[in-house]
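Remarks on the overall topology
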Amino acid sequence: MLKILAQNSSSKSTQGLTRRRNNLNRLKTKRDKIKRERDALQIQQSKLKLGIQNAEQDYDQALGKDKNIGTRLQRIKVQLDQAEKVVEREVEKTTEKMRDPQRLIPGLAASLINLKANLDHLKLPTSTSKEFFEELAEAPECVCGRQMDDMTRQAVRDRAKKYLGEDEVGVLNRIKSDIADYCGGNPEQYHQDLQEQLQGLQKLIRKRDEFKTELRSLEEERLKQGDSELEAKKQHLDKLREQLDQCNQRLQEIERSPHSKPSEDTDCLKELEFLITKAEDDVAEATHTLTLKRKTEIIRRILNQAHQQAREELRKIIIEETNQRITQLLSRDPVWLEDIQDSLKLQGRGGASVGQTLSVSYAFLATLFNRSNHQLPFIVDSPAGALDLNVRPEVARLVPQLGNQFVAFTISSERQSFVERFDLDEEL
């Protein structure tokens, strides 16, 4: 409908409308091109990572051909790996502490504790809020029982300005509570703890870098021996790493967070999506369909939400009705259906016996058939082969409820307690 209106409406400036449409098409074309590039880069990234892994193994094997250097190399690599893991854990701990401003800024904790003390001294927030007096001014009588007149009401309203509102009271209480939780105890200790954490992290980083330096020294010593095969493997590994860095940088640019004011020469997908939305609004505005476009989007969102809610409600109803049938069918050892999204999922069970699985399936199908407006024949091959003799009669009672016509292909071993039940029902 928007397309028809846009095509039929006449813009005040045909040239301006054409320019806006061309800009929109250009942005969409660029977005599609960047998406294809991103997909290709992701495939290339996976291949490069695998290639680097294999090249590193080949390079390490070539380095280890010198037994003396190889033994030392293996020891340093183990130490370096352990050191990097320790540094990674400490970085996470340090970053978590740096989220607290009282640890970053010296004296901030003491200032916050002083603020709380001043609020307590001033008895803020007060126990009575401004809303109490505003409600009192509208009452026919004061809390003391005296009749309220216009002069008294105005006096109450004037004095209500000296008190805080309920929202302000809540904010102050939250501030005091957070100060007590995060700045209690020795206020200087918070900043000191962070400094000690940073100093410890620096020592661990220096230790890790020492292992890296020693590893590079051993590699250089080995390369000086003039092993052409080793040199070729190193060059191949360095080239793969360089290609991976370029691939990662390009992917980072494509998938980064958008700037507040993106330019049209951007390669960032999120910025392109923003520019496309803006360009679509420009075209809609030029064709006098912007309001209709926005209303259509609102209606589409409402319909999608209603569709999702209806699906969810229907799912709950089907699960509940199926569980009721399962209770009747498997009264001796019932199982419960938990979800039916992509498959029948049993509650609290990874699986069930063949008989239980078949019974749950029949109960589920019976629920669906009874809710359908169309009557179709229900055809099953070996409907009772996996069922116990005790369960077969119960399933047989359920089968006639599955539809108006039930066709079953059975063998002689399935007749007992199953087909006999149908004959009995016919006689009754």
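Scoring rules and cut-offs
Residues numbered from 1 in each chain as written. Predicted model: local features only at pLDDT ≥ 70, side-chain atom pairs only at ≥ 80, totals over all residues. Heavy atoms only, no water. Helix = DSSP H or I, 4+ residues; strand = E, 2+ residues; numbered from the N terminus. Buried < 20%, exposed > 50% of the residue type's maximum accessible area, 1.4 Å probe, protein only. Contact = heavy atoms within 4.5 Å. Areas by Shrake-Rupley, 256 points an atom, 1.4 Å probe, with all protein chains shown as cover. Axes fitted to C-alpha atoms, helices over the stretch in contact; angles between N-to-C directions. Parallel < 35°, antiparallel > 145°, perpendicular 65-115°, else oblique. Left-handed = near helix turned anticlockwise from the far one by under 90°. Nonpolar A, V, L, I, M, F, W, Y, C, P; charged D, E, K, R; others polar. Patch = residues over 30% accessible without salt bridge, like charges linked within 9 Å, V, L, I, M, F, W, Y side chains within 5 Å. Salt bridge = Lys/Arg side-chain N within 4 Å of Asp/Glu carboxyl O. Expected span 1.5 Å × (residues − 1). Pairing = 2+ DSSP bridges. pLDDT = per-residue confidence, 0-100.

Counting its secondary structure elements, the protein contains 15 helices and 4 strands. Within the protein, buried positions represent 29% of all 428 residues. A fraction of 70% describes how many contacts in the protein between residues 6 or more apart in sequence connect residues 24 or more apart. If you sum the accessible surface of the protein, you get close to 28,800 Å²; carbon and sulfur atoms cover 50% of it.

Contact pair helix H3 (residues 67–97) / helix H9 (residues 188–223): the axes reach a minimum separation of 9 Å and the direction vectors enclose 155°. One element, H3, and the other, H9, form an angle in the roughly antiparallel class. The crossing of H3 and H9 is left-handed. In terms of residue class, the contact of H3 with H9 is built from 16 nonpolar, 3 polar and 12 charged.

Attention now goes to the side chain of arginine 103. Looking at where arginine 103 falls in the secondary structure, it is placed in helix H4 (residues 101–104). What makes arginine 103 buried here is its relative accessible area of 15%. Setting aside anything within four residues of it in sequence, one finds arginine 103 in contact with Lys97, Tyr190, His191, Asp193 and Leu194.

Looking now at the side chain of arginine 31. Considering the arrangement of structural elements, one finds arginine 31 in helix H2 (residues 14–63). On the basis of relative accessible area, arginine 31 is assigned to the buried category, the value being 17%. Discounting residues that sit within four places of it in the chain, arginine 31 has contacts with Leu269, Leu272, Glu273 and Ile276.

Judged by side-chain polarity, Met98, Leu104 and Ile105 come together as a nonpolar surface patch covering roughly 250 Å² of accessible area. Take methionine 98: it is sitting in the loop between H3 and H4. On the accessibility criterion, methionine 98 (37% relative accessible area) is partly exposed.

Note on helix geometry: an α-helix contains 3.6 residues per turn, so any two residues three or four positions apart are oriented the same way. Look at helix H10 (residues 228–255): 41 Å from first C-alpha to last across 28 residues, which is about the 40 Å you get at 1.5 Å a residue. Of all the residues in H10, the buried ones are Leu230, Leu237, Leu240, Leu244, Cys247, Leu251 and Ile254.

Here we come to the pairing of strand S3 (residues 378–381). Residues Phe378 and Val380 line the buried face of S3, whereas the alternating positions Ile379 and Asp381 sit on a face that is not buried. Pairing of S3 with strand S4 (residues 406–409), which is carried by 4 bridges, proceeds in the parallel orientation. Residue pairing in the sheet places phenylalanine 378 in a bridge with phenylalanine 406 of S4.

Another point: the pattern of salt bridges. Evaluated as defined, the whole model comprises 24 salt bridges. Its salt-bridge partner being arginine 75, residue glutamate 214 comes within 3.8 Å of it at the nearest N-O pair. Residue glutamate 214 is found in helix H9, and its partner arginine 75 is found in helix H3; the two are separated by 139 residues along the sequence. Residue classification places glutamate 214 among the partly exposed residues on the basis of a relative accessible area of 32%. Arginine 315 is the partner of glutamate 312 in a salt bridge, and the nearest nitrogen-oxygen pair spans 2.5 Å.

Of note, valine 395 is situated in helix H14 (residues 392–398). By relative accessible area, which is 0% here, valine 395 ends up buried. Taking C-alpha positions, valine 395 is 7.0 Å from serine 359, a pair spaced 36 residues apart along the chain.

Our focus in this paragraph is the environment of arginine 325. Counting through the fold element by element, arginine 325 comes out in helix H12 (residues 290–329). Using a relative accessible area of 18% as the deciding quantity, one classes arginine 325 as buried.

Residues with a pLDDT of 70 or more make up 82% of the protein, whose mean pLDDT is 80. At the low end of the mean pLDDT range in the protein sits helix H1 (residues 2–8), at 49; at the high end sits H10, at 92. Counted against residues more than four places away or in other chains, residues 424–428, with its pLDDT under 50, gives 0 contacts.

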